[in-house]
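Structural features, examined
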Amino acid sequence: MPLLNTAEGYGSLTKTLHWLVVALFAFQLASALAMTRMDEGAATTRDAFYNWHKTLGLVALAVAVLRLWARRAGELPPWAPGLTTFDQRVVHHAERMLYLAMFVMPVSGFVHVMAGGYGVQFAGLFALPNPLPRWEWLAVAAKWTHLGAALLLAAALAAHLGVVLRHTVILGNRLVHRMLPGR
């Protein structure tokens, strides 16, 4: 299987990065739900969740950059047989929203924590330098942008999964197999 996409199908790099983003977003969602619901008594645990959330957000940004590069370096395979024109439009727009969310979420999260004076303890190993002064209005704007991007991500994911699940489960045309490793 080729590393990059070809006219015959998605490359191994695209597939690997796709599933890595899925895993990172799943962990980010789980950690966000957990850390925002912890009470003040669990400050040490909550701080650890926040730091891992920030660390993996930056890792997700790096993966998104690599994913976009791989997408541009290869070519897109043709649409899967069986996709209607409507399905193609949904997938196309959902993919654009997903890429937008892959960049906006980590960047807005980074701006929020840096302008808010929270900082990033990367992987619990070292503090990243803060390129921003403490600007409360910017921190608040970035926080709301981060939350808005999360809603955008949820909508895009629902549309993307809706098409894939309908074709895979209901219509039985194995659409998901195009993105599975080793295929």
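Residues numbered from 1 in each chain as written. Predicted model: local features only at pLDDT ≥ 70, side-chain atom pairs only at ≥ 80, totals over all residues. Heavy atoms only, no water.

**Considering the nonpolar core**
Among the nonpolar cores identified, the biggest contains 18 residues, and Leu-17, Val-21, Leu-24, Phe-25, Val-63, Met-102 and Leu-153 are the most heavily contacted of them. Elements with a contribution of two residues or more to this core: helix 1 (12-35), helix 2 (43-73), helix 3 (85-115) and helix 4 (136-170). Discounting chain neighbours no more than four positions away, the residues touching Phe-25 are Met-102 and Leu-153. (Core = buried A, V, L, I, M, F, W, Y, C linked by side-chain atoms within 4.5 Å. Buried < 20%, exposed > 50% of the residue type's maximum accessible area, 1.4 Å probe, protein only. Helix = DSSP H or I, 4+ residues; strand = E, 2+ residues; numbered from the N terminus. Contact = heavy atoms within 4.5 Å.)

**Section: helix 4**
If you check helix 4, its first and last C-alpha atoms are 49 Å apart, about what 35 residues at 1.5 Å a residue would give, namely 51 Å. Within the sequence span of helix 4, burial applies to Leu-138, Ala-139, Ala-142, Ala-149, Leu-153, Ala-156, Val-163, Val-164 and His-167. Turning to helix 4, the residues buried within the fold contact helix 1 and helix 3. (Expected span 1.5 Å × (residues − 1).)

**Examining the packing of aromatic side chains**
A full pass over the atoms with the stated rule returns two aromatic pairs. Relative to Trp-137, the ring of Trp-135 lies with its centre 6.0 Å away and its plane at 20°, an arrangement referred to as stacked. By relative accessible area, which is 37% here, Trp-135 ends up partly exposed. With relative accessibility at 60%, the residue Trp-137 sits in the exposed group. (Phe/Tyr/Trp six-rings, centres within 6.5 Å; stacked < 30°, edge-to-face > 60°.)

**Notes on the packing of helix 1 against helix 2**
Contact pair helix 1 / helix 2: the axes reach a minimum separation of 9 Å and the direction vectors enclose 155°. Relative to helix 2, helix 1 is oriented roughly antiparallel. The way helix 1 lies across helix 2 gives a crossing that is left-handed. Here the contact of helix 1 with helix 2 is built from residues that sort into 19 nonpolar, five polar and two charged. (Axes fitted to C-alpha atoms, helices over the stretch in contact; angles between N-to-C directions. Parallel < 35°, antiparallel > 145°, perpendicular 65-115°, else oblique. Left-handed = near helix turned anticlockwise from the far one by under 90°. Nonpolar A, V, L, I, M, F, W, Y, C, P; charged D, E, K, R; others polar.)

**Quick notes on a nonpolar patch on the surface**
Taken together, Leu-157, Leu-161, Leu-165, Val-169, Ile-170 and Leu-171 make up a surface patch of nonpolar side chains, about 580 Å² in accessible area. Examined against the element boundaries, Val-169 turns out to sit in helix 4. (Patch = residues over 30% accessible without salt bridge, like charges linked within 9 Å, V, L, I, M, F, W, Y side chains within 5 Å. Areas by Shrake-Rupley, 256 points an atom, 1.4 Å probe, with all protein chains shown as cover. Salt bridge = Lys/Arg side-chain N within 4 Å of Asp/Glu carboxyl O.)

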